[in-house]
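Architecture and fold: a report
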Amino acid sequence: MCHCLLPSRPDMRDEPSRCPGQYVDEALEWMWQCFPPQVDPTAEMDVALIGGATCHDSRIGPSNVEAARAWIFDKRLRTCRVDVGGHIVRRLSFSLGDGTLTITPGYALRT
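Residues numbered from 1 in each chain as written. Predicted model: local features only at pLDDT ≥ 70, side-chain atom pairs only at ≥ 80, totals over all residues. Heavy atoms only, no water.

Another aspect to go through is the packing of helix α1 (residues 24–33) against helix α3 (residues 60–74). α3 packs onto α1 with a crossing angle of 35 degrees between their chain directions and a minimal axis gap of 9 Å. Here the hand of the crossing between α1 and α3 comes out right-handed. Counting all contacts with α1, which are made through Val24, Leu28, Glu29 and Trp32, the residues of α3 involved are Asn64, Ala67, Ala68 and Trp71. For the contact of α1 with α3, the per-class residue count stands at 6 nonpolar, 1 polar and 1 charged. (Axes fitted to C-alpha atoms, helices over the stretch in contact; angles between N-to-C directions. Helix = DSSP H or I, 4+ residues; strand = E, 2+ residues; numbered from the N terminus. Left-handed = near helix turned anticlockwise from the far one by under 90°. Contact = heavy atoms within 4.5 Å. Nonpolar A, V, L, I, M, F, W, Y, C, P; charged D, E, K, R; others polar.)

Below is the structure:
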C-alpha cells in the first residue's frame, strides 16, 4: 500500500527520494522490486487502485491515477477494485490477516 503525492519526480536530476512512496512511478517500481525472484507478481497479486480525488482545479489526483493505471497496464496486472476520482477523501483499512480492504468516505474536498 502506498499513498503517493505526485505522478513522477519533477526533475530526475534530484537526489533519490528518502521516501520511495512519494511519486507514483517510483513507489510502484520499488514495491515491484521487493518481490523475490521466484514469485511472479502478475499471478500472485491483486491490485486495488483507490484515490485520486480532485481538490480545487488541481489535476494532481487524476494525474496520479493516470500514472498508476499506465504502470498497472504495462506490468499486465489486474485490478480487483477501483475507486478513483470525485471530490471525496477516502479512508482505507487493510487487513494483513485476510487481505480485506475497507474503504470509507471521508470529508468532501473544496471544489
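For alanine 27, the position within the fold is in helix α1. Taking relative accessible area as the criterion, alanine 27 reaches 2% and is therefore assigned buried. C-alpha of alanine 27 to C-alpha of serine 8: the two residues are 19 residues apart in sequence and 9.4 Å apart in space. (Buried < 20%, exposed > 50% of the residue type's maximum accessible area, 1.4 Å probe, protein only.)

When its volume is computed, the largest pocket comes out at roughly 1,300 Å³. With 7 residues, α3 is the largest single contributor of residues to the lining of the largest pocket. (1 Å grid on protein atoms, 1.4 Å probe; cavity = no way out; pocket = protein on both sides within 12 Å on 5 of 7 lines; lining within 4 Å. Points joined across faces, edges and corners; volume = space filled by probe spheres on them.)

Pairs of aromatic rings are described using the distance from one ring centre to the other and the angle between the two planes. According to the stated counting rule, one finds 2 aromatic pairs in the structure shown. On the basis of an interplanar angle of 65 degrees and a centroid distance of 6.5 Å, the ring pair of tryptophan 32 and phenylalanine 35 is categorised as edge-to-face. The class for phenylalanine 35 is partly exposed, based on a relative accessible area of 28%. Following the ring pairs from residue to residue traces out a cluster consisting of Trp32, Phe35 and Trp71. (Phe/Tyr/Trp six-rings, centres within 6.5 Å; stacked < 30°, edge-to-face > 60°.)

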